[in-house]
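The lines below spell out each chain.
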Amino acid sequence: MSPTVQRREFLTTLGAGLAGLAGCVGNLPGSSGGVDRTIYVGAYHWGFIIVDDSGEEQDRISLQRNDVLRVVSFNTLASEAVQSLPASIREAVPDHEALEERNEERIPAPSDGDFHELLEEANEQYPDHSLAIMPSGQVHMGGGMMMHPVALPQNATRPIVRQLGATQRGDYTLSCLTYCGYGHPYMEIDGGIIVT
């Protein structure tokens with residue numbers, strides 16, 4: 001057999017072995033592509049829900065400095081995007097009435113108009129949202145931004161997935177930067193992510 005044929009056979013065998021090994025390593029615990037934590041963030045009028053990968057709703061997410069966070073974000077009105085989520089995540093998203101009750105508990109009542117009517121109007125006129133993650137207390141998109149805004153339209157067919165490095169300690173606010181009606185200024189979770 002010539003040296004060229006032996007080399008080609010060796011490389012073919014080596015390639016197949018590496019491909020098989022890569023598949024095995026991908027299934028080992030802790031081999032999630034370098035991601036330390038995955039969260040699901042649902043945007044609704046006028047708030048966010050954070051769900052961890054076990055399907056449990058969370059008020060805050062704590063990370064260690066240099067952790068890698070995968071954020072899967074979606075508009076709760078985007079039915080195709082929501083249907084593509086794991087069942088445990090879909091089941092954790094409260095229904096429209098429960099989300100409206102949350103809003104009424106934390107958003108001041110309007111001085112003119114009915115809260116429910118303003119919410120219905122916003123659902124019709126401003127169905128889209130966005131998600132940005134920035135240092136708490138900042139109102140601009142300057143340094144320290146953890147995640148630049150991603151659009152979360154009502155007609156999205158898939159959630160938006162971003163992978164972030166928690167490189168700077170501090171607490172971070174999840175915020176909507178797309179105007180969505182009366183409750184828009186309250187659409188945030190102040191300190192929703194904490195990096196220690």
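This structure is a prediction, so every number in the text was calculated from the model and none was measured.

**Describing the environment of Ala156**
In step 1: Here Ala156 shows up in the loop between β7 (147-152) and β8 (160-165).
In step 2: Overall, the relative accessible area of 18% leaves Ala156 in the buried class.
In step 3: Taking the C-alpha atoms as reference points, Ala156 and Phe74, separated by 82 residues in sequence, lie 8.1 Å from one another.
In step 4: With residues near it in sequence (within four places) discarded, Ala156 still touches Ala78, Glu80 and Ala81.

**A short note on the nonpolar core**
In step 1: Ranked by size, the top nonpolar core spans 30 residues in total, and within it Phe48, Val71, Leu131, Ile133, Leu174 and Ile193 carry the most contacts.
In step 2: If we skip the residues at most four places from it in the chain, Ile133 touches Val71, Met145, Met146, Met147, Leu164, Tyr172, Thr173, Leu174 and Ile193.
In step 3: The next biggest cluster of nonpolar side chains, apart from the first, holds 10 residues, and it includes Ile49, Phe74, Leu85 and Ala92.

**Here we look at the sheet that holds β7**
In step 1: Spatial strand order, β4-β10-β9-β6-β7: 5 strands in an open sheet with mixed pairing. Every interior strand has two partners, whereas the edge strands, β4 (61-63) and β7, have only one. Averaged over neighbouring strand pairs, the angle between their axes works out to 20 degrees when direction is ignored.
In step 2: Bridging between strand β6 (residues 129-135) and β7 involves 4 bridges; their strand directions are antiparallel. Across the sheet, the residue bridging to Leu131 is Val150, located in β7.

**Structural notes on the packing of helix α4 (residues 96-106) against helix α5 (residues 115-125)**
In helix packing, the relevant descriptors are the interaxial angle and the interaxial distance, both defined with respect to the helix axes.
In step 1: Running from N to C, α4 and α5 point in directions that differ by 120 degrees, and their axes come no closer than 11 Å. For the element pair α4 / α5, the angle class is oblique. Judged by the sense of rotation from one axis to the other, the crossing of α4 with α5 is right-handed. For the pair α4 and α5, the contacting residues are His96, Glu100, Asn103 and Glu104 in the first and Phe115, His116, Leu119, Glu120 and Asn123 in the second.
In step 2: Looking at the contact of α4 with α5 residue by residue, the class counts come to 2 nonpolar, 4 polar and 3 charged.

What counts and how
- Residues numbered from 1 in each chain as written.
- Predicted model: local features only at pLDDT ≥ 70, side-chain atom pairs only at ≥ 80, totals over all residues.
- Heavy atoms only, no water.
- Helix = DSSP H or I, 4+ residues; strand = E, 2+ residues; numbered from the N terminus.
- Buried < 20%, exposed > 50% of the residue type's maximum accessible area, 1.4 Å probe, protein only.
- Contact = heavy atoms within 4.5 Å.
- Core = buried A, V, L, I, M, F, W, Y, C linked by side-chain atoms within 4.5 Å.
- Pairing = 2+ DSSP bridges.
- Axes fitted to C-alpha atoms, helices over the stretch in contact; angles between N-to-C directions.
- Parallel < 35°, antiparallel > 145°, perpendicular 65-115°, else oblique.
- Left-handed = near helix turned anticlockwise from the far one by under 90°.
- Nonpolar A, V, L, I, M, F, W, Y, C, P; charged D, E, K, R; others polar.

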